[in-house]
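Listed below, chain by chain, are the residues.
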Amino acid sequence: MALAVEDAVAAQEHLLVQAGTGTGKSLAYLVPAVADAVNTGTPAVVATATLALQAQIVDRDMPRVADALAPMLGRRPTYVLVKGRRNYVCLHKLAGGFPDDDGALFSSAGLVRSDAGEAKEDADRGGARGEGPSRLGAEVLRLREWAESTESGDRDELVPGVSERAWRQVSVAARECLGTKCPMRTECFVERSREAAKDADVVVTNHSFMAIDAFEGRAMLPEHHLLVIDEAHELVDRVTATVTDELSPGMVTSAARKAASYTGTDDLVGAGEVFAQALQPIPEGRLITVPESLAGALAMLRTDARSVQSGMKSDSKGRDDTDGARAVAKAAVDELVDVVDRLLEERHLDVAWVNQNPQRGAVLRVAPMSVAMDLRDKLFAERTVVLTSATIELGGSFDAVAGTLGLRGEGAPDWQGLDVGSPFDYPAQGIAYVAAGLPAPGRDGPSPAMFDELEQLMRAAGGRTLGLFSSMRAAQAAAEEMRERLGDDMPILCQGEDQITTLVRQFAADARTCLFGTLTLWQGVDVPGPACQLVVIDRIPFPRPDDPLASARTQEIGRMGGNGFMAVSATHAALRLAQGAGRLIRRSDDRGVVAFLDSRMVTARYAGFLQRSLPPFWPTTNTAVVHEALRRLDASAAPVVPVAPPPARGVVAGENEHPPPSGAATPVVERVSDAAATGAPAAADARTAVTSGHAWSREDDEELKDGRDLGLDADELADHLGIPVEAVQARLTLLRL
C-alpha cells in the first residue's frame, strides 16, 4: 500500500485502497505523506471521519513514524491537528467578549454550596437537581481553569468532558468569530493551530473541515497537493451533512432577538411568525416542490432578513469592531438569508423536507441528492487524493463507491483501485452467528425474544460485549432491560452518558463491563484484546424508509433503470455491517463472535450480498455452539488491555517526545473454531492484494519473486500460475519486480 501511495503521488493520479483492520494502513500512507511533504515543502493533509481515528493518528501513529524517520531526515517530522472553531476554547469569550445567555461565565454565586443547598435551590426553580445554573456554572468554572493550562484548547483533551451547554459558553462558531478584529487573535488556539499547519509536514483534520475548505474556498487548510482520506466509506455522508442547511421558527426568533438591539425593528419577528404558521400544517417528509404558502412566507422572511442585514451595517459605523454580541447577531441573520435563498432557488439536485423534532418542533431542511460532481470538481481537480477504508470494495469492485465520489462516467479523472487484503485469519478467529430463530425485527423496537437472546449471549460471554444498535432508542431500551436483568453483575454503559472516549476507556478496562450505542460505535471503537469478545448487531442497518435523501436517490436510480434498493439501501447496510463486524478482530490474537439478531441475514433475497460484504468469519446459526464457544473464551481469556487516556497535546506535535505506551502483550488465547469444536474449514491463505480482478496470496507473491529470480518474464509467469498476464504485470509493478 505504501508503494501504491508513492506511485499515485508520482503519477498525479488518484488511488482507492481497501485495507483491512490491522493492515497498518495509517502507517502505509503516513510514511509516503511525510516523504512528499519533505520533497515538496508543502504539508500533506490527512482527513478522517471520526475523532477516534484523529486521536489515534496524532497520539499513536505519527509519534512512531516521527521516531522512525527522524534519523533519516535529520529532524523529527511535525504534525498538527486542525478542527473547526467549535472544538476549541475561545479566549475572547472567556474574557467577556461575547454575550452570556446562561449567566454561567461570570456568576460565581452558588458555585460552592452544600448538596442540600443545591438541591433546595434546584427544587425552588422547579428543575431536577443538578440541571440548574449551579451545575452549569461549576462546569464553566472547570473550563476556565483548564483553559489556563491547556496548550491546544482542544475539547477532546478535556477528560472527563462537560455538557454541550457548558461548552457553548466557552466556544464560538465560525460565523460568530471576529477574525482579524479579535483583540486576542495572537493567542487564539484556532489561529495558532492553523498558522502552525503551514509549516507542518502532516496536517490531520476531519472530513467536514476538509469539505468546507474545498467547497467554500475559505482557505482554512494550507496549500497542499496530497490529500489522504481515511474512513473513505463515510466521505459522501459527511460531505452531504456539511452542505445540508436547516431553518426553523426558533432560529428566526433567536436571530431576531440577537439583532433587535442593533436595528430597532421587530420586522423579523413578524416574518418568523408567518413562517411558523406556514410550516406548521405541512406533514413530515419530503417536499417535491415548496408549497405556495410556504414559498410566500420564505420570500417575506428573506426581505425582512435582508433589511435587518442592511440596518446592522449602517448601525455599525463608529461602533466597537470587537463587539462579540454584534458578531453573533450578524452571523445568525446571515445564516437565515443564505438558507432562505437556497430554499427559494429550488436547485436541481436539492432535496427539501420537513422534520418534526421533539425539542424544536418543525424544522425545514435542504440537502443535495448527490455530491459526486462537486467532489469531482472541487476535491479531485486540484490535488492527488488517496482514499482508504476497510470497506470500500463491494461485490469485488470499487465501482459503486467510485460512482458516488464522481470518479466514474465521462470526464472522470484517472484512478487506480487496490485491495491489500487482511493479515487476519477470520474463519479461525471469529464466528458469525445469526439468530435465525428470532422473528424479523418490527417497527415497535426490540422484542422480548430479542432481549432473551441478548441476555443469554452476554451471560455466556461473561460480559465483554459491544452492542451496536440501529437507533439510540433501541440502544437505550436494551441498556435499561439488561441492567434490570443482569443487575450489578455486568455494568452496562450506554452512549450519551459520557463522552465516547471516556466510555470506551471504561469498557476496555473491565472484562465484565459492556457498552451499547449506535452509529459512532459502529465505526469508531478500537478495543483489542479480551475486553471485546462479543459484538452484537441488533438489526440490518438500512436507512429509514422515510429518509428523504435515501428515498430520493432510490427513486432517481429507478427512473434511470437501475435497482434503487440495492444501490442505496442494501449498499448502505452492507457498509455499516462490515464496519460494525470489524470491531471484533483488531489484532492477530483476538477471538470472538459477531452475533446478528436479525434473521433476515440468512432468509432475505439480499442476504448473500450482505454476507459477502462481511469479513469471512466462520458462519453458523447454531445457538448452542456459539454459547459454548463464548464460555470457553471467557474461561481462557487473558487480562484486558486498558485504553490509555489521551496525552496533552501542544499546538505543533512531533517536536516533543511521545514514548510508546507500556504494557505486556496479551497472550494468545485458543482459536474460536477449536473451542467451538465445529469442524470449521481451514482458512485459505489471507490475500495480500487484488489487482485486475485477481486476488493474490502470500504464496502467489513468493512464486512471483522466485520466478523473477529465475529470469521468467510476465508471460511465462502468467502461464505458470494460470493467471491473466495483465494481473501478473500489475502485481509485478506494485512489488517493484
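Residues numbered from 1 in each chain as written. Predicted model: local features only at pLDDT ≥ 70, side-chain atom pairs only at ≥ 80, totals over all residues. Heavy atoms only, no water.

Draft legend 1. The overall build of the protein, seen in detail. Summing up its helical and strand segments, the protein has 30 helices and 20 strands in all. Sorting the 737 residues of the protein into buried and exposed places 52% on the buried side. In the protein, the proportion of contacts linking residues at least 24 apart, taken out of those at least 6 apart, comes to 77%. As presented, the protein carries roughly 32200 Å² of accessible surface, and 50% of it is formed by carbon and sulfur atoms. (Helix = DSSP H or I, 4+ residues; strand = E, 2+ residues; numbered from the N terminus. Buried < 20%, exposed > 50% of the residue type's maximum accessible area, 1.4 Å probe, protein only. Contact = heavy atoms within 4.5 Å. Areas by Shrake-Rupley, 256 points an atom, 1.4 Å probe, with all protein chains shown as cover.)

Draft legend 2. Region of the structure containing the packing of helix H22 (residues 548-559) against helix H23 (residues 564-581). At their nearest, the axes of H22 and H23 sit 8 Å apart, and the two run at 155° to each other. Put simply, H22 runs roughly antiparallel to H23. Both H22 and H23 take part in a crossing whose hand is right-handed. Residues Ala 550, Arg 553, Thr 554 and Ile 557 of H22 pack against Gly 564, Phe 565, Ala 567 and Val 568 of H23. When the residues that make up the contact of H22 with H23 are grouped by side-chain class, the tally is five nonpolar, two polar and one charged. (Axes fitted to C-alpha atoms, helices over the stretch in contact; angles between N-to-C directions. Parallel < 35°, antiparallel > 145°, perpendicular 65-115°, else oblique. Left-handed = near helix turned anticlockwise from the far one by under 90°. Nonpolar A, V, L, I, M, F, W, Y, C, P; charged D, E, K, R; others polar.)

Draft legend 3. Inspection of helix H29 (residues 714-721) at higher detail. Among all positions of H29, only Ala 714, Leu 717, Ala 718 and Leu 721 are buried. The arc that holds the buried residues of H29, viewed along the axis, is 100°, so those residues lie on one side. The exposed residues of H29 that point more than 90 degrees off its buried face are Asp 715, Asp 719 and His 720. Those residues of H29 that are buried lie in contact with strand E20 (694-697), helix H28 (698-709) and helix H30 (725-734). The N-capping residue of H29, defined by a side-chain oxygen 3.2 Å from the backbone nitrogen of Asp 715, is Asp 713. (Arc of directions from axis to C-beta. Polar contact = N/O pair within 3.5 Å; in protein donor to acceptor, adjacent residues only side chain to side chain.)

Draft legend 4. Representation of the environment of Asp 419 in the model. Its location among the elements puts Asp 419 in strand E11 (residues 415-419). The spatial distance from the C-alpha of Asp 419 to the C-alpha of His 694 is 9.9 Å, given a sequence separation of 275 residues. One polar contact links the side chain of Asp 419 to the main-chain amide nitrogen of Gly 421, over a distance of 2.7 Å.

Draft legend 5. Summary view of the nonpolar core. Counting residues in hydrophobic clusters, the biggest one holds 37 residues, and the most contacted among them are Leu 466, Leu 577, Phe 596 and Leu 610. For this core, the secondary structure elements donating two or more residues are strand E12 (430-434), strand E13 (465-468), helix H20 (500-509), helix H21 (519-524), strand E16 (534-537), H23, strand E17 (592-596) and helix H25 (607-612). Counting residues per element, this core draws most heavily on H23, which supplies five residues. Residue contacts for Phe 596: discarding those within four places in its chain leaves Ala 432, Tyr 433, Val 434, Ala 435, Ile 537, Leu 577, Met 601 and Leu 614. By size, the runner-up hydrophobic cluster in this structure holds 36 residues, among which are Ala 200, Leu 221, Leu 379 and Ile 392. (Core = buried A, V, L, I, M, F, W, Y, C linked by side-chain atoms within 4.5 Å.)

Draft legend 6. Molecular detail of the packing of aromatic side chains. Within this structure, the stated rule accounts for seven aromatic pairs. Their ring planes at 85° and their centres at 5.3 Å tell us that Phe 542 and Tyr 606 sit as a pair that is edge-to-face. Here Phe 542, found in the loop between E16 and H22, pairs with Tyr 606, found in the loop between helix H24 (600-603) and H25; they are 64 residues apart in sequence, far enough to count as distant. With a relative accessible area of 21%, Phe 542 lands in the partly exposed category. (Phe/Tyr/Trp six-rings, centres within 6.5 Å; stacked < 30°, edge-to-face > 60°.)

Draft legend 7. Examining a nonpolar patch on the surface more closely. The grouping of Val 38, Met 72 and Leu 73 at the surface amounts to a nonpolar patch, some 270 Å² of accessible area in total. Of note, Leu 73 is situated in helix H3 (residues 51-73). You can call Leu 73 partly exposed: its relative accessible area is 33%. (Patch = residues over 30% accessible without salt bridge, like charges linked within 9 Å, V, L, I, M, F, W, Y side chains within 5 Å. Salt bridge = Lys/Arg side-chain N within 4 Å of Asp/Glu carboxyl O.)

Draft legend 8. Region of interest: unusual backbone geometry. In the Ramachandran plot, Glu 231 falls in the positive-phi region, its phi being about 55° despite a non-glycine side chain. Residue position: Glu 231 is located in the loop between strand E5 (226-229) and helix H10 (235-242). With relative accessibility at 9%, the residue Glu 231 sits in the buried group. For Arg 464, which is not a glycine, the phi torsion comes out positive at approximately 55°. On the basis of relative accessible area, Arg 464 is assigned to the buried category, the value being 7%.

Draft legend 9. Structural detail: the pairing of E12. Summarising burial for E12: five of the five residues are buried, a large majority. Looking at chain direction, E12 and E17 are connected through five bridges and run parallel. When the bridges of E17 are listed, Tyr 433 appears paired with Ala 595. With three bridges connecting them, E12 and strand E18 (residues 618-620) associate as parallel partners. Along E18, the bridge assignment pairs Tyr 433 with Thr 620. (Pairing = 2+ DSSP bridges.)

Draft legend 10. Broad picture of a negative patch on the surface. Together, Glu 699, Glu 703, Asp 706 and Asp 709 make up a region of like negative charge exposed at the surface. Summarising the element assignment, Glu 699 is placed in helix H28. The exposed category is assigned to Glu 699, whose relative accessible area is 56%. (Lys, Arg positive; Asp, Glu negative; His and termini not counted. Charge placed at Lys NZ, Arg CZ, Asp CG, Glu CD.)

Draft legend 11. Highlighting the side chain of Gln 579. With respect to the secondary-structure elements, Gln 579 resides in helix H23. Dropping the residues within four chain positions of it, Gln 579 is found in contact with His 233, Ser 389, Ala 390, Thr 391, Trp 522 and Gln 523.

Draft legend 12. Expanded view of the sheet that holds E18. The seven strands lie next to each other as E14-E15-E13-E16-E17-E12-E18, forming an open sheet whose pairing is parallel. Each end of this open sheet is capped by a strand with a single partner; those strands are strand E14 (492-494) and E18. In this sheet, adjacent strand axes meet at a mean angle of 20° when their direction is disregarded. Where E16 meets E17, four bridges bridge the pair, whose relative direction is parallel. Looking at E17, one finds that Leu 534 is bridged to Val 593. Of the strands in this sheet, E13, E16 and E17 touch H23, which is tilted by about 160° from E16. Across the face of the sheet, helix H26 (residues 623-636) comes into contact with E12, E16, E17 and E18 while running at roughly 145° to E12.

Draft legend 13. Seen up close, the side chain of Asp 598. Take Asp 598: it is sitting in the loop between E17 and H24. Here Asp 598 falls in the buried class, since its relative accessible area comes to 1%. Excluding residues that lie within four positions of it along the chain, Asp 598 makes contacts with Val 434, Pro 441, Asp 538, Arg 539 and Ile 540.

Draft legend 14. Examining the pattern of salt bridges more closely. Inspection of the entire model under this criterion finds 33 salt bridges. The closest approach of N and O atoms between Arg 587 and Asp 589, which form a salt bridge, is 3.1 Å. The salt bridge partner of Glu 628 is Arg 632, with a shortest N-O separation of 2.9 Å. In this pair, Glu 628 and Arg 632 are both assigned in helix H26, four residues apart and thus about one turn of the helix distant. What makes Arg 632 partly exposed here is its relative accessible area of 36%. One salt-bridge network, held together by shared partners, links Asp 452, Glu 455, Arg 459, Glu 481 and Arg 485.

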